[in-house]
Amino acid sequence: MTNKSIHSDSALYSEDLAPATAQNRSWTTWNYAALWISMSLCIPTYMLSSSLIEGGMNWWQAILTIFLGNTIVLIPMILNGHAGAKYGIPFPVFARASFGTKGANIPALLRAIVACGWFGIQTWIGGFAIYQMMRLWIPSLETLPQIFPDSWGLQTGPAICFLAFWLINMYVVYLGVESIRKLLVFKAIFLPVAALALLAWALVAAHGLGPILSTPSKFTNTSDFFHFFFPALTGMVGFWATLSLNIPDFTRYATSQKAQIKGQIYGLPTSMTLFAFVGVVVTSATTIVFGTTIWDPVVLAGKFDSKLLVSAAMIAVAISTLATNIAANIVSPANDFAHFAPSKIDFRKGGYITGIIGILIFPWKLIADPTGYIFTWLVGYSSLLGPVGGIMIVDYYFIRKQTLILEDLYDSKGIYSFNKGFNSYALLALILGILPNVPGFLMTIKVISTDLCPQWVTGLYSYAWFVGFGISGLVYWIAMKNKTN
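Residues numbered from 1 in each chain as written. Predicted model: local features only at pLDDT ≥ 70, side-chain atom pairs only at ≥ 80, totals over all residues. Heavy atoms only, no water.

J.: Which parts of the structure should I look at to understand the overall build of the chain?
T.: A count of helical and extended segments in the chain gives 21 helices and 0 strands. Per-residue burial for the chain yields a buried fraction of 56% across its 485 residues. Put simply, 84% of the contacts in the chain that link residues at least 6 apart link residues at least 24 apart. Put simply, the chain shows about 19,800 Å² of open surface, and 68% of that area lies on carbon and sulfur atoms. Each charge class in the chain can be summarised by its mean position, and for the 27 positive and 19 negative side chains these summaries are 7 Å apart. (Helix = DSSP H or I, 4+ residues; strand = E, 2+ residues; numbered from the N terminus. Buried < 20%, exposed > 50% of the residue type's maximum accessible area, 1.4 Å probe, protein only. Contact = heavy atoms within 4.5 Å. Areas by Shrake-Rupley, 256 points an atom, 1.4 Å probe, with all protein chains shown as cover. Lys, Arg positive; Asp, Glu negative; His and termini not counted. Charge placed at Lys NZ, Arg CZ, Asp CG, Glu CD.)

J.: Help me understand unusual backbone geometry, please; the structure alone is not making it clear to me.
T.: Peptide bonds are, in most cases, trans, and in most cases residues other than glycine have a negative phi. Even without being a glycine, Lys401 presents a positive backbone phi close to 55°. Residue position: Lys401 is located in the loop between helix H17 (370–399) and helix H18 (424–434). For Lys401, a relative accessible area of 52% gives the class exposed. A positive phi angle, near 65°, is found at Gln402, a position not held by glycine. With respect to the helices and strands, Gln402 occurs in the loop between H17 and H18.

J.: Sorry if this is basic, but what is going on with the side chain of Gln122 here?
T.: Its place among the elements puts Gln122 in helix H5 (residues 105–137). Those residues in contact with Gln122, other than ones at most four positions away along the chain, are Cys42, Pro44, Phe165, Thr321, Thr324, Asn325 and Asn329.

J.: Would you explain helix H6 (residues 156–175) in this entry?
T.: Given 3.6 residues per turn, any residue in an α-helix points the same way as the ones three and four places further on. Given a rise of 1.5 Å per residue, 20 residues ought to cover 28 Å, and the 29 Å separating the end C-alpha atoms of H6 matches this to within 8%. Listed as buried for H6 are Thr156, Gly157, Pro158, Ala159, Cys161, Phe162, Phe165, Trp166, Asn169, Met170, Val172 and Val173. (Expected span 1.5 Å × (residues − 1).)

J.: Even after reading the chapter, I still don't get the confidence of the model for the chain, so can you show me in this structure?
T.: Summarising the model, the chain shows a mean pLDDT of 85, and 93% of its residues fall at 70 or more. By mean pLDDT, helix H7 (residues 180–205) is the weakest element of the chain at 76, and H18 is the strongest at 97. (pLDDT = per-residue confidence, 0-100.)

J.: I'm lost on the side chain of Thr273 in this one. Help?
T.: Structurally, Thr273 is set in helix H11 (residues 257–289). In this structure Thr273 comes out as buried when scored by relative accessible area, which is 12%. Excluding residues that lie within four positions of it along the chain, Thr273 makes contacts with Ile63, Ile66 and Phe67.

J.: Help me understand the packing of H6 against helix H13 (residues 307–329) in this model?
T.: The angle between the axes and the distance between the axes are what describe a pair of packed helices. Following both chains from N to C, one finds H6 and H13 inclined at 50°, their axes separated by 11 Å at the closest point. Here H13 runs oblique to H6, going by the angle between their axes. Relative to H13, H6 is oriented so that their crossing is right-handed. Contacts between H6 and H13 involve Phe165, Ile168, Asn169, Val172 and Val173 on the former and, on the latter, Ala318, Thr321, Leu322, Asn325 and Ile326. (Axes fitted to C-alpha atoms, helices over the stretch in contact; angles between N-to-C directions. Parallel < 35°, antiparallel > 145°, perpendicular 65-115°, else oblique. Left-handed = near helix turned anticlockwise from the far one by under 90°.)

J.: Help me understand the packing of aromatic side chains in this model?
T.: For any pair of aromatic rings, the description consists of the separation of the ring centres together with the inter-plane angle of the planes. Tallied over the entire structure, the rule returns 31 aromatic pairs. On the numbers, 6.1 Å between centres and 25° between planes, the contact of Trp124 with Phe128 is stacked. With a gap of 4 residues between them, Trp124 and Phe128 both fall in helix H5, about one helical turn apart. With centroids separated by 4.9 Å and ring planes inclined at 90°, the aromatic side chains of Tyr396 and Tyr397 adopt a geometry described as edge-to-face. Just as Tyr396 is buried, Tyr397 falls in that class too. (Phe/Tyr/Trp six-rings, centres within 6.5 Å; stacked < 30°, edge-to-face > 60°.)

J.: Sorry, what's going on with a nonpolar patch on the surface here?
T.: Taken together, the side chains of Leu428, Ile431, Leu432, Leu435 and Val438 make up a nonpolar region of the molecular surface, amounting to roughly 400 Å² of accessible area. Residue contributions to the nonpolar patch peak at 3 residues, all from H18. Position of Leu435 among the secondary structure elements: in the loop between H18 and helix H19 (438–444). (Patch = residues over 30% accessible without salt bridge, like charges linked within 9 Å, V, L, I, M, F, W, Y side chains within 5 Å. Salt bridge = Lys/Arg side-chain N within 4 Å of Asp/Glu carboxyl O.)

J.: What's the story with the environment of Gly421 in this structure? I'm lost.
T.: Of note, Gly421 is situated in the loop between H17 and H18. Taking the C-alpha atoms as reference points, Gly421 and Gly100, 321 residues apart in sequence, are found 5.1 Å from one another.

J.: Just to check I follow, could you spell out the packing of helix H2 (residues 43–54) against helix H8 (residues 222–239) for this structure?
T.: Following both chains from N to C, one finds H2 and H8 inclined at 170°, their axes separated by 11 Å at the closest point. Considering the angle they form, H2 stands roughly antiparallel to H8. Every residue of H8 that contacts H2 at Pro44, Thr45, Leu48, Ser51 and Leu52 is listed here: Phe228, Ala232, Met236 and Phe239. Of the residues belonging to the contact of H2 with H8, the class tally is 7 nonpolar, 2 polar and no charged. (Nonpolar A, V, L, I, M, F, W, Y, C, P; charged D, E, K, R; others polar.)

J.: Hey, could you run me through the nonpolar core in this one?
T.: Nonpolar side chains in soluble globular proteins tend to be buried together. Of all hydrophobic cores here, the largest spans 109 residues; its most connected members are Met57, Ile89, Trp240, Leu404 and Leu409. Counting residues per element, this core draws most heavily on H17, which supplies 12 residues. In this view, Leu404 contacts Tyr87, Ile89, Phe94, Ala97, Tyr396, Leu409 and Tyr416; residues no more than four positions away in its chain are not counted. (Core = buried A, V, L, I, M, F, W, Y, C linked by side-chain atoms within 4.5 Å.)

J.: Quick question: what am I supposed to make of the pattern of salt bridges here?
T.: Here the idea is simple: oppositely charged side chains can pair when their charged atoms come close. Taken as a whole, this structure holds 2 salt bridges when the rule is applied. For Arg135, the salt bridge identified is with Glu142, shortest N-O distance 3.7 Å. Residue classification places Arg135 among the buried residues on the basis of a relative accessible area of 19%. A relative accessible area of 47% places Glu142 in the partly exposed class.

J.: Which parts of the structure should I look at to understand the environment of Phe290?
T.: Structurally, Phe290 is set in the loop between H11 and helix H12 (297–301). Distance in space between the C-alpha atoms of Phe290 and Lys303 is 8.6 Å, their sequence separation being 13 residues. Contacts of Phe290, omitting those with residues within four sequence positions, involve Trp201, Leu300 and Lys303.

Set out below in structure tokens:
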């Protein structure tokens, strides 16, 4: 079948959403491993362990939690990636099989909004790296008059650099998705070398592994530990819950199923865990060298005396952050927004929409508090994306038996149109998967008090991704089985 045979329904078709052609399927095992190395070696990964250690874990408990979380999320990553590799379709098109040709806009929107948040966070980090460099050469940047309200928590100097880095991201979007390939190759080679250099500095400067690695856990009993561990584990799963849904956006270019499976196994858990470990060791060294614990590597780099060294480090951080941002947080939401109006919104316009929303979510506030970073941001959005993943995996493996009718995915009158484009069973399963986590989320953001709900209800929020995934998947399976019988 050619793409011309599915071009008739323009409301569901565009070049960006079309199945990948044979000549475009060139991604090998190395490409996927490099993709994950590139995306994993970023500042938020480095800082993951800080959130866990500040919460009370010792170093090995934090690293183990990160490894377990990424091993768990690897499973839906590979399962959802199968459809992309087999049919060459992106995530929004794949979602049509379970949610309907119009209903697929709902999971696409949920996924896109989360990606906008991550885009904002990464852009803020990259912009702050530029600020750390520029203030050395232009000291007046630190003393610019305050132009933003105090409630925003935003200083003028960092804000200017943030907007400058945002414009660079938007320029890359203008150049198109192919422009990220060189960035990803640069990052996959350079960042591991830079991480090892940073690790070597830490070992030499601290004359060993430092005090953090010898600091015991703050939890005095098993109950207290597990009370923190399970929501932390959910947060680690939530870190890549976005990509576990839209991984078809990348696996659609795979040369084979083996390439996407082996590449992800080699790349994801290992790079996430090792880079988080580097973060722990380097941070431990800062306690000895500077007399204070510095978890943010951008702040750490700013402590060195050499302007050229700091500048080189900050440029490297900015480029690597740019590569992660475009690959992880622009490609997919751009496709998701394009799905709303394929004939009117292309990749560029979708990328611009992502960029604007990324500013409006105030990303500097999202990562200001490590506790809020895990329990509000990571766990919060995992409660939305877990149910979507459960529905899509159950539909593809247990209802469709890994068989899709490609033409009908682009046909508003095909079998995936369901009832006026919506699969009511998927929407019901989605709602039922989200609802149990709502009380816990409202309590976390202090909208309601703990007295209003039983403790076991609010406690479900600690397992948000797992609860949503399980309930929605089960409800959807029962409903669709009864429909087909």
